[in-house]
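Coordinate analysis (summary)
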Amino acid sequence: EAGVAQSPRYKIIEKRQSVAFWCNPISGHATLYWYQQILGQGPKLLIQFQNNGVVDDSQLPKDRFSAERLKGVDSTLKIQPAKLEDSAVYLCASRPSGANVLTFGAGSRLTVL
Amino acid sequence: AQSVTQLDSQVPVFEEAPVELRCNYSSSVSVYLFWYVQYPNQGLQLLLKYLSGSTLVKGINGFEAEFNKSQTSFHLRKPSVHISDTAEYFCAVAERNKLTFGTGTQLKVEL
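In short, a report on the structure. The structure presented is a predicted model; accordingly, all values stated were derived computationally and were not measured.

**A short note on the overall build of chain A**
Each helix and strand in chain A was counted, giving zero helices and eleven strands. The order of α-helices and β-strands along chain A, N terminus first, is β-β-β-β-β-β-β-β-β-β-β. Its C-alpha atoms give chain A a radius of gyration of 13 Å, near enough to 13 Å, the size a compact globule of 113 residues would have. Counting only C-alpha atoms, chain A reaches 40 × 25 × 25 Å along its principal axes.

**Thoughts on the sheet that holds strand 7 (residues 65–68) of chain A**
Residue and element names in this part refer to chain A. The strand order across the open sheet built from four strands is 1-3-8-7, with neighbouring strands paired in antiparallel fashion. A single partner strand is all that each edge strand has here, and the edge strands are strand 1 (5–7) and strand 7. Here the average twist between neighbouring strands, direction ignored, is 15 degrees. Across three bridges, strand 1 lies against strand 3 (residues 19–24) in antiparallel orientation. Along strand 3, the bridge assignment pairs glutamine 6 with cysteine 23.

**Observations concerning the packing of aromatic side chains**
What the rule picks out here adds up to 13 aromatic pairs over all chains. Where A:Phe104 meets B:Phe101, the ring centres are 6.0 Å apart and the plane angle is 70 degrees; that geometry is what we call edge-to-face. Of this pair, A:Phe104 sits in strand 10 (residues 103–104) while B:Phe101 sits in strand 11 (residues 98–101), placing the two residues on different chains. Taken individually, A:Phe104 and B:Phe101 each receive the classification buried, so the pair is uniform in this respect. The structure contains a cluster of three or more aromatic residues connected by ring pairs, namely A:Tyr33, A:Tyr35, A:Phe104, B:Phe34, B:Tyr36, B:Phe90 and B:Phe101.

**Remarks on the pattern of salt bridges**
Residue and element names in this part refer to chain B. Scanning the model with the defined rule gives eight salt bridges over all chains in all. In this structure, glutamate 64 and lysine 58 form a salt bridge, with 2.8 Å as the shortest nitrogen-oxygen distance. Relative accessible area serves as the criterion here: at 23%, glutamate 64 is assigned to the partly exposed category. Between aspartate 85 and lysine 78 there is a salt bridge, with its nearest N and O atoms 2.8 Å apart. Pair check on accessibility: aspartate 85 and lysine 78 agree, each one buried. It is possible to trace a salt-bridge network through shared partners that takes in Glu20, Glu66 and Arg77.

**Let's talk about the interface of chain A and chain B**
The interface of chain A with chain B comprises 23 residues on the first partner and 18 residues on the second. In total, about 1,500 Å² of surface goes out of reach between chain A and chain B, with carbon and sulfur atoms giving 52% of it. Its largest share of buried area at the contact with chain B, chain A owes to A:Asn100, A:Val101 and A:Phe104, together 32% of the area lost on that side. Taken together, chain A and chain B are joined by one salt bridge. Summed over the shared surface of chain A and chain B, the number is five residue pairs in polar contact (both at pLDDT 80 or more).

**Remarks on the nonpolar core**
Across soluble globular proteins, you tend to see nonpolar side chains buried next to one another. The biggest cluster of nonpolar side chains holds 28 residues, and the ones touching the most others in it are B:Leu33, B:Trp35, B:Leu47, B:Leu48, B:Phe74, B:Leu76 and B:Tyr89. Looking at this core, the elements that each hand over two or more residues are strand 2 (10–14), strand 3 (19–21), strand 5 (32–38), strand 6 (44–50), strand 8 (64–68), strand 9 (73–78), strand 10 (87–95) and strand 12 (105–110) of chain B. By residue number, the principal contributor to this core is strand 10 of chain B, which donates four residues. Residues contacting B:Leu48, with those up to four places away along its chain left out, are B:Leu33, B:Phe34, B:Trp35, B:Val57, B:Lys58, B:Gly59, B:Phe63, B:Glu64, B:Ala65, B:Phe74 and B:Leu76. The next biggest cluster of nonpolar side chains, apart from the first, holds 21 residues, and it includes A:Cys23, A:Leu32, A:Cys92 and A:Leu110.

**Notes on the state of the cysteines**
Defined simply, a disulfide is a covalent bond joining two cysteines at their sulfur atoms. Residue and element names in this part refer to chain A. Counted according to the given criterion, the structure contains two disulfides over all chains. Across the disulfide, cysteine 23 is cross-linked to cysteine 92 (sulfur-sulfur distance 1.9 Å). Negative torsions about the S-S bond denote left-handed disulfides, and the value of about -70 degrees found for cysteine 23 with cysteine 92 makes this one left-handed. Pair noted here: cysteine 23 is in strand 3 and cysteine 92 is in strand 9 (residues 88–95), with a separation of 69 residues, a long-range link.

**Regarding the pairing of strand 9 of chain B**
All names here are of chain B. With five of its six residues buried, strand 9 lies for the most part within the structure. Pairing geometry for strand 3 and strand 9, over three bridges, is antiparallel. Residue pairing for strand 9: leucine 21 is matched across the bridge by leucine 76. Where strand 8 lies against strand 9, five bridges are found, and the strand directions are antiparallel. Looking at strand 9, one finds that glutamate 66 is bridged to histidine 75. Hairpin connection between strand 8 and strand 9: a loop of four residues separates the two successive antiparallel strands, and threonine 72 in this loop has a positive phi of roughly 45 degrees.

Conventions used here
- Residues numbered from 1 in each chain as written.
- Chains lettered and ligands numbered in written order.
- Predicted model: local features only at pLDDT ≥ 70, side-chain atom pairs only at ≥ 80, totals over all residues.
- Heavy atoms only, no water.
- Helix = DSSP H or I, 4+ residues; strand = E, 2+ residues; numbered from the N terminus.
- Rg over C-alpha atoms; globule rule 2.2 N^0.38 Å.
- Pairing = 2+ DSSP bridges.
- Axes fitted to C-alpha atoms, helices over the stretch in contact; angles between N-to-C directions.
- Phe/Tyr/Trp six-rings, centres within 6.5 Å; stacked < 30°, edge-to-face > 60°.
- Buried < 20%, exposed > 50% of the residue type's maximum accessible area, 1.4 Å probe, protein only.
- Salt bridge = Lys/Arg side-chain N within 4 Å of Asp/Glu carboxyl O.
- Contact = heavy atoms within 4.5 Å.
- Buried area = accessible area lost by both parts, 1.4 Å probe.
- Polar contact = N/O pair within 3.5 Å; in protein donor to acceptor, adjacent residues only side chain to side chain.
- Core = buried A, V, L, I, M, F, W, Y, C linked by side-chain atoms within 4.5 Å.
- Disulfide = S-S within 2.5 Å.

In short, the description is geometric, and any link to function would need to be established separately.
See the structure below:
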């Protein structure tokens, strides 16, 4: 089966600019996650979707980050305006209902200058 | 709230030597435990998981881990490492479908 697809793989922007990342989960996976991985740290959950509804966004900086999962399939994570500390790899993962294992995409590496 | 502690940020080891990467967790309820591996510029790949049953879990690439409830540990082991095992290893705990990661251990295998 195809894996979790993410784009772009790399993005460099200036601070205060905006950026968007796209994720296409494995077909049929109801749950989708966005994680932020800062260099030297473990991934941190930003937001979790169940179909097109938000399950957990308690660690999403809502003043600048937003995410949506229209139609319960693809998802987009947006940062506006970006700060230097947003430099990180943004990982998307998905999981089918009833399963306990997440499958991760290759990630989108953001550099904010 | 659950948390994961990986005690070693870096572990250097010679090829064909055994290795143990340590992981301790805290949680107020029953948990599921995982080890993921991350190669440079790649996403996370599942190595192995503990959901229930036998406390000794075998995974891919010759890795295994032992769940110790009394010590709240889930250490990862391999009896003989290869150069290709050089990567970052993350321990994670899942509680109510929320996955929390440790800070990672960089395994560097040297000739």
